[in-house]
Amino acid sequence: MNQLDQLKKFTKVVADTGDFGTLKEYAPQDATTNPSLILKAAEMPAYKSLVEKAIADARKSGATGRALLNQINDQLLVLFGMEILKIVPGRVSTETDASLAFDTAGLIAKAHRFISLYGQNKIPRERILIKIATTWEGIRAADFLQKEGTSCNMTLLFSLPQAVACAEAKARLISPFVGRIMDWYKAREKKDFAPAEDPGVLSVKEIYAYYKKFGHATEVMGASFRNKGEILELAGCDLLTISPPLLAELKNSNEPVEQKLSAASAGQSKIEPLELDEKKFRWLLNENAMATEKTAEGIRLFNADALKLEQFIAAQL
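Since the model is a prediction, treat every value here as computed from it, not as a measurement. (Residues numbered from 1 in each chain as written. Predicted model: local features only at pLDDT ≥ 70, side-chain atom pairs only at ≥ 80, totals over all residues. Heavy atoms only, no water.)

### Regarding the packing of aromatic side chains
Item 1. According to the stated counting rule, one finds 7 aromatic pairs in the structure shown.
Item 2. Between Trp-136 and Phe-281 the ring centres are 5.2 Å apart and the planes differ by 50°, which places this aromatic pair in the tilted class. Residue Trp-136 is located in helix α7 (residues 136–147), and its partner Phe-281 is located in helix α14 (residues 278–287); the two are separated by 145 residues in the primary sequence.
Item 3. Residue Trp-136 is classed as buried on the basis of its relative accessible area of 14%.
Item 4. Considering the side-chain rings of Phe-158 and Phe-177, the 5.6 Å spacing of their centres and the 75° angle between planes classify their relative orientation as edge-to-face. Of this pair, Phe-158 sits in the loop between β5 (152–157) and α8 (160–168) while Phe-177 sits in the loop between β6 (173–176) and α9 (178–189), and the two are 19 residues apart along the sequence.
Item 5. An aromatic cluster of at least three residues, connected via ring pairs, comprises Phe-20, Tyr-47 and Phe-80.
Item 6. The side chain of Arg-140 reaches across the aromatic face of Trp-136, ending 4.4 Å from its centre. (Phe/Tyr/Trp six-rings, centres within 6.5 Å; stacked < 30°, edge-to-face > 60°. Helix = DSSP H or I, 4+ residues; strand = E, 2+ residues; numbered from the N terminus. Buried < 20%, exposed > 50% of the residue type's maximum accessible area, 1.4 Å probe, protein only. Lys NZ or Arg CZ within 6 Å of the ring centre and 35° of its normal.)

### Comments concerning the pairing of strand β3 (residues 92–95)
Item 1. The alternating pattern of β3 places Val-92 and Thr-94 on one face and Ser-93 and Glu-95 on the opposite face, and all of these are buried.
Item 2. Relative to strand β4 (residues 128–133), β3 is paired through 4 bridges, and the arrangement is parallel. Across the sheet, Val-92 pairs through a bridge with Ile-128, a residue of β4.
Item 3. Each parallel crossover has a hand, and for β3 linked through helix α6 (residues 104–120) to β4 it is right-handed. (Pairing = 2+ DSSP bridges. Right-handed = clockwise from strand over helix to strand, strands pointing away.)

### Focus: the side chain of Lys-294
Item 1. Summarising the element assignment, Lys-294 is placed in helix α15 (residues 289–316).
Item 2. When residues no more than four places from it in sequence are discounted, the contact partners of Lys-294 are Phe-158, Arg-180, Asp-183 and Trp-184. (Contact = heavy atoms within 4.5 Å.)

### Quick look at the pattern of salt bridges
Item 1. Scanning the entire structure with this criterion turns up 22 salt bridges.
Item 2. Between Lys-60 and Asp-57 there is a salt bridge, with the nearest N and O atoms lying 3.7 Å from each other.
Item 3. With a relative accessible area of 69%, Lys-60 lands in the exposed category.
Item 4. In this structure, a network of salt bridges that share partners links the residues Asp-30, Arg-91, Arg-172 and Glu-219. (Salt bridge = Lys/Arg side-chain N within 4 Å of Asp/Glu carboxyl O.)

### Some details on unusual backbone geometry
Item 1. Positive phi, normally seen in glycine, also occurs at Lys-122, with a value near 65°.
Item 2. Position of Lys-122 among the secondary structure elements: in the loop between α6 and β4.
Item 3. Its identity is not glycine, yet Lys-190 carries a phi of approximately 55°, on the positive side.
Item 4. Counting through the fold element by element, Lys-190 comes out in the loop between α9 and α10 (199–213).
Item 5. A relative accessible area of 72% places Lys-190 in the exposed class.

This is the structure:
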C-alpha cells in the first residue's frame, strides 16, 4: 500500500488544486481552492470553456464595468467549485476576496453570494466551505455565517490565538499554514528543520491538542506544506490539504506511515485554556511577529493574485 493510501486510513486527504485531472488521479475526499490556484487553472486552455461560460452568465445581468468583473469572478469561482464537486465526494472550499479581510459585512455578503450561486445550480450548502482569512473581522463573519448554517474554512491561520477564536466562533474548519510558518523561521534562524522539529508542524500539533482537550468540534486541516516529511509528521490530523506534487510523492512511495496524532493522546496534553476577547486577541496576535507578518503577507499575496485573475478576465472581455 502506498503512503497516500496509508495516510487516508488516519486522515481525510484533501487536494489543494483547481485542476480536475489531478483530482481524478488522487481521489481526495475534499478539495480546496484559492485565487492563486484558480488563476493558474483559468489560464489553462483546457478550462477556457468555463471562463467563457462565466462571462456569458454574468453578462445576462446587464452589469457593466467593475460590477461585471466582480460577477464574472464570482461565477468563475463557483463554476470551478461545481466541476470539482462532480469529482470529489465531499466538499469544496471557495475563497472570499482578500480585499474583504477586514470587512465583516462584506465577507457575509460575499458568502451569501457564493451560496446563492451554488444553490441556483442545485448544489446544497452542506457541500460548500466558505474560505475566510483569520482576522478578527473574518472570525466575526464566520460566527454569523455558522449560526445560519453556512460552514466556514478559516484560512491564513498561523497561531493558537487565531485557532482558539475560530473554535469559539464554531467555525467548521481551520487551515493552519504549516509551510509558511516554517518559511518564516527558516529565514529568521537561517537553518533547516527536521519534520519533527518543524515550527509549522509543532504549531498544528499544539492547535490539534488544544481542540481535542477542550472538546472543540472545529476540524483541523493542516495546509501549505513544503515537503512530505511535514505531512507524515501530522498523520492522524483531522484533514490535510496537499498539493499535487506532494500527493505524487506520497503515491510513489511504499514506506510505512505511522499515525502521529490522535484525539485520545491529544486529550491528555497539559494545555491551559485561553480566554479571549477582541482586545486580547489583537494583543496576542501583535505579540507573535510571525503570525502578524504571515497573515498580512498572505492577504496581500492572495489579493495580488485576485487582481491578476481580474486582469485575465478583463482581457477576455
